[in-house]
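Chain by chain, the residues run as shown.
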Amino acid sequence: MAEPLLWDRSENVRWQAAIVIGLFIETNPDEVWRVLCEHDHRHNEDACGMFGCVLLEDLLWEHFEEVWPRVTERVRNKQSAMRRWVYMVGRIPLTAHQWKRVERLKQSLRRDRSA
C-alpha cells in the first residue's frame with residue numbers, strides 16, 4: 001500500500017497516499033481501519049483533514065454499521081486523534097438514524113472537551 005507515503009514531507013504526497021489507501025475501502029475495509037488506528041496519534045490539522053475527510057468519512061459511508069462501533073470505542077481514549085477526526089466527517093449519504101448517531105457522538109465529545 002501507499003502507507004509509508006503518509007509520512008512524506010510533501011503535503012501533496014501525503015494526501016495522494018491517503019486517496020490511494022482510500023481506494024481499498026470497498027474491498028479491504030479492515031486494512032484501512034488498521035491504517036487509521038496506526039495513525040491515531042497524529043493530531044495536526046493536516047492529519048485531521050487527511051484521515052477524517054478522506055479515510056474515516058469514506059469508511060463510514062461504505063461500512064457504517066461495521067465501523068461505527070469501532071469508532072465509538074476508539075474515541076473513548078481521550079488521547080485518540082480520532083476524537084478530532086470525527087468532527088471532519090461531513091455530509092456523506094448516511095441514513096437519518098446513522099446521522100443522529102454521528103451527531104450524538106460529536107455532542108458527547110464537545111461535552112468532554114468543556115468538562
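See above for the structure.
Residues numbered from 1 in each chain as written. Predicted model: local features only at pLDDT ≥ 70, side-chain atom pairs only at ≥ 80, totals over all residues. Heavy atoms only, no water.

Asker: Which residues make up helix α5 (residues 96–114), and what are the values?
Answerer: Between its terminal C-alpha atoms α5 stretches 27 Å, which fits the 27 Å expected from 19 residues at 1.5 Å a residue. Taken together, the buried positions of α5 are Q98, W99, R101, V102, L105, K106 and L109. Across the axial projection of α5, the buried residues extend over an arc of 160°, all falling on one side. Facing away from the buried side of α5 by over 90 degrees, the exposed positions are A96, K100, R111 and S114. (Helix = DSSP H or I, 4+ residues; strand = E, 2+ residues; numbered from the N terminus. Expected span 1.5 Å × (residues − 1). Buried < 20%, exposed > 50% of the residue type's maximum accessible area, 1.4 Å probe, protein only. Arc of directions from axis to C-beta.)

Asker: Tell me what's going on with the pattern of salt bridges, and back it up with residues and numbers.
Answerer: Taken as a whole, this structure holds twelve salt bridges when the rule is applied. The partner of R34 in a salt bridge is E31, with the nearest N and O atoms 2.5 Å apart. In this pair, R34 and E31 are both assigned in helix α2 (residues 29–38), three residues apart and thus about one turn of the helix distant. You can call E31 partly exposed: its relative accessible area is 23%. The partner of R101 in a salt bridge is E65, and the shortest N-O contact between them spans 3.2 Å. Of this pair, R101 sits in helix α5 while E65 sits in helix α3 (residues 45–74), and the two are 36 residues apart along the sequence. Taking relative accessible area as the criterion, R101 reaches 17% and is therefore assigned buried. Taking the relative accessible area as the measure of exposure, E65 reaches 46% and is therefore partly exposed. One continuous salt-bridge network, built from bridges that share partners, spans E3, E31, R34 and E38. (Salt bridge = Lys/Arg side-chain N within 4 Å of Asp/Glu carboxyl O.)

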